[in-house]
Structure formats: C-alpha cells, structure tokens
Amino acid sequence: MALKNDILYELLSAKDYISGEDLAVKFDKSRAAVWKAVRALKADGYDIDAVTNKGYRLTDSNNLISAEGIKAKLRYDADVIYCPVIDSTNNECKRLLADGKSGVFIVAADEQTAGRGRQGKSFYSPAMTGVYFSLVIRPETTLQNVVTATTAASVAVCRAIETLTPLKPKIKWVNDVYLDGKKICGILTEAVTNFESGIVDSVVVGVGININTIEFPADVENAGSLDFKVGRNDLIAEISNNLLNIALGDYKLFIDYYRSHSLVIGQRINFIEKGKITPATAVAIDETGGLEVLLDSGEKTTLRSGEISIRKI
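Residues numbered from 1 in each chain as written. Predicted model: local features only at pLDDT ≥ 70, side-chain atom pairs only at ≥ 80, totals over all residues. Heavy atoms only, no water.

S.K.: Explain the overall build of the protein to me, and be specific about the residues and the numbers.
M.R.: Within the protein one finds eight helices and 14 strands. By the burial criterion, 49% of the 313 residues in the protein qualify as buried. In the protein, 62% of the contacts between residues at least 6 apart in sequence involve partners at least 24 apart. Summed over all atoms, the accessible surface of the protein reaches about 15,300 Å², with 50% contributed by carbon and sulfur. (Helix = DSSP H or I, 4+ residues; strand = E, 2+ residues; numbered from the N terminus. Buried < 20%, exposed > 50% of the residue type's maximum accessible area, 1.4 Å probe, protein only. Contact = heavy atoms within 4.5 Å. Areas by Shrake-Rupley, 256 points an atom, 1.4 Å probe, with all protein chains shown as cover.)

Here it is in structure tokens:
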C-alpha cells in the first residue's frame, strides 16, 4: 500500500513518463514490485499509460480524488486525508481535532452522506460529481473568526475557479458562490473551542462545489454546476492554497477582491432575520466583510450575523 501511494504521488507530480527502473531505485524496490503497484493503481481506476523504454504516465482522463493528488499541488505543508465516503468532512475534521490531531490539515471525500450547509441546511453531495472537503486553520492566522474565514473562503473558491478555468464566478453575501445566476458552491465555517480554556483552537472551513452535478433534490433551490472540465485534486489544492495565502498574507487584497466580486452591491434585497423580512438596498462591504444596507426608512445598518440570508427582489 505504501509503495502504491508513493508511486501515485510521483506520477501525479511528473510532467512526463517515469521509468519503472527509476521508480524501483527511488523506493529501493524490485521492478516486479513497481509493476504490481502500478497494476493495483489501475485496479483503483487510474488510467496509466505504459510504454516500453519510456515507463509510466497518468493520462489526462484521470479525475479521481486522492490524498497524493491534492498533496502534489499544495504549496503549503498540510496533511491530507481522503475518504471515499464520509458523513461530513467538517464532522470528520472535528472528530480528528477531538482525538488530538494538530497542525493544518485537509479532509476530502468523493461523497458526503450528511453534508451540511449554513443555518442547519443540508448540502447535496453525490458521488464523483463535485468536490467536498474541509480545511482546518489555526487561530494564529488573520482568519481567527468564523465570519472572516467564511468570506475568505468564498474569495479562495472564486480565485481558484478563475485560475483553472475561463469562468467568472460571483459572491452572494455572505459566502455563496454563483455562476450564471445559479449557486454552485456552499461554504460552512465552524469554530472549534478548547473546552478548558474557552478559546478558539481551530477554524474548520468546509467547501462543497458542484462540478458536473445534473440532478438535484426537489428541495434544493437555484442550484447549478461549474459544468467545466477541471481536475478535482487541482481545484481542492488551489482553493486551499488561496485560503492559506489569505490567512498568512495581505488582508486588504482579500477584502478588495471580495467587494469586486459581489453579486449584491447596488441591488434591492430582502434580508431575513429571526423570521422578519426587511427590504433594503445593498450599498457596500465594510472592512470586516459586513454588508452595509440602506433601509427604506433612510436608516443605514450593517448586516453581520450568520443567521441572516438575503434575496434579490
């Protein structure tokens, strides 16, 4: 199993064929052991081209999620854990934190059976049609609170999509990512507090993106998909790289990007708080990601609570 994973990492990182002999020397194994590991990878679903006197190469048709595939594209040191099926990647992160796992890490899955969204909603997460993952960030970064981390995550998603595709997504406050008027991404951020100290120990940022999901449950409103061929490992890694860039880098560049990609500034909206619907006009995003609105009475207020949702009129 270890050799198979090592070879997969090498194949994912390589730009050309790698000879069986080079792999055997690198990992101090026999050529037969390398061939057996490659055969096991093919059985797992990886399309590997084998050419005499050239070696092995992953073909362009591969789009399977793997810890090795994500790790090969990361620019930061982070553990990566892959689960074919999980109830929720956020839940798994919190279980790992409760068991004492430290550092920055990612949990990714092909399918979630109980994916969660904001305000207690579920997030539809069918197998093989999207990316579902969670990134654990530590509080010593600038993303110490849930609101800031949530807005930063939406920026990280949009930047990644713009890097890997020609598409131009927008952000519906607080953190829903839209494309052509349809929601393609949900983000759920949760703070994990140390029981004894009462201080936030970690922030878990969960991201779910519909890549080529076609059918949605009847209760899922206004959902769409990226509908563009993109490497799922590449997308997970690029979002994580961008989010860690924000966490460790320039906050002003992040908030300026967030403003420039707003779907609601200048729009008439309804905001719903504690069941009460209030019409207003969205006028600006403040320095911490709050939505400044002008009420019909002429009064200005800033929306900050994660329990508020907004809708275009």
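Past the structure itself, the notes keep going.
S.K.: Which residues make up the environment of tyrosine 82, and what are the values?
M.R.: Among the secondary structure elements, tyrosine 82 is positioned in strand E3 (residues 79-86). On the basis of relative accessibility, which here comes to 27%, the residue tyrosine 82 falls in the partly exposed class. Separated by 24 residues in sequence, tyrosine 82 and isoleucine 106 have C-alpha atoms that sit 8.3 Å apart. Sequence-distant contacts of tyrosine 82, defined by excluding residues within four places in its chain, comprise Ile65, Ser66, Ala67, Ala108, Ala109 and Asp110. Only 2.4 Å separates the side chain of tyrosine 82 from the side chain of aspartate 110, close enough to count as a polar contact. (Polar contact = N/O pair within 3.5 Å; in protein donor to acceptor, adjacent residues only side chain to side chain.)

S.K.: Go over the packing of aromatic side chains, please, and point to the residues and values.
M.R.: Across all of its chains, the model carries one aromatic pair by this definition. The ring of phenylalanine 105 carries the charged tip of lysine 101 above its face, separated from the ring centre by 5.2 Å. Across the ring face of tyrosine 257, the terminal group of arginine 159 is positioned such that the distance to the ring centre comes to 4.7 Å. (Phe/Tyr/Trp six-rings, centres within 6.5 Å; stacked < 30°, edge-to-face > 60°. Lys NZ or Arg CZ within 6 Å of the ring centre and 35° of its normal.)

S.K.: Can you lay out the pattern of salt bridges for me, pointing to particular residues and giving the numbers?
M.R.: This model, assessed by the stated rule, comprises 14 salt bridges. Among the ionic pairs, arginine 268 bridges to aspartate 296, the shortest N-O distance being 2.7 Å. With arginine 268 in strand E10 (residues 268-273) and aspartate 296 in the loop between strand E12 (291-295) and strand E13 (300-303), this residue pair connects regions lying 28 residues apart in the sequence. Overall, arginine 268 belongs to the partly exposed group, its relative accessible area being 34%. (Salt bridge = Lys/Arg side-chain N within 4 Å of Asp/Glu carboxyl O.)

S.K.: Go over helix H2 (residues 20-27) with me, naming the residues and quoting the values.
M.R.: Listing the buried residues of H2 in full gives Gly20, Leu23, Ala24 and Phe27. Taken around the axis of H2, the buried residues stretch over an arc of 100°, which confines them to a single face. Opposite the buried face of H2, by more than 90 degrees, sit the exposed residues Glu21, Val25 and Lys26. At its buried positions, H2 is contacted by helix H1 (2-13), helix H3 (31-43) and strand E2 (55-58). At the exit of H2 stands aspartate 28, carrying a positive phi of roughly 55°. (Arc of directions from axis to C-beta.)

S.K.: So what about the confidence of the model for the protein? Which residues, and what values?
M.R.: Low-confidence regions, as indicated by low pLDDT, have predicted coordinates that should not be scrutinised in detail. Of all residues in the protein, 89% have pLDDT values of 70 or greater, and the mean over the chain is 86. Confidence, read as mean pLDDT per element, is least for strand E14 (residues 309-312) in the protein (64) and greatest for helix H5 (residues 89-98) (95). (pLDDT = per-residue confidence, 0-100.)

S.K.: Summarise the environment of valine 192; cite the residues concerned and give the values.
M.R.: The topology assignment puts valine 192 in strand E8 (residues 182-193). With 10 residues separating them in the primary sequence, valine 192 and serine 202 have C-alpha atoms 5.2 Å apart.

S.K.: Explain the side chain of aspartate 286 residue by residue, including any values.
M.R.: Relative to the helices and strands, aspartate 286 is located in the loop between strand E11 (276-285) and E12. At 3.0 Å, the side chain of aspartate 286 and the backbone nitrogen of glycine 289 are in polar contact. Each residue touching aspartate 286, except ones within four places of it in the same chain, is listed here: Ile255, Arg259, Glu292, Thr302 and Arg304.

S.K.: Can you break down the side chain of serine 125 residue by residue, with the values?
M.R.: Note that serine 125 resides in the loop between strand E4 (105-112) and strand E5 (130-137). Relative accessible area serves as the criterion here: at 4%, serine 125 is assigned to the buried category. Within the structure, serine 125 has its side chain in polar contact with the side chain of glutamine 112 (distance 2.9 Å). Polar contacts involving the side chain of serine 125 include one to the main-chain carbonyl oxygen of phenylalanine 123, which spans 2.8 Å. Setting aside its immediate chain neighbours within four residues, serine 125 contacts Glu111, Gln112, Gly115 and Tyr132.

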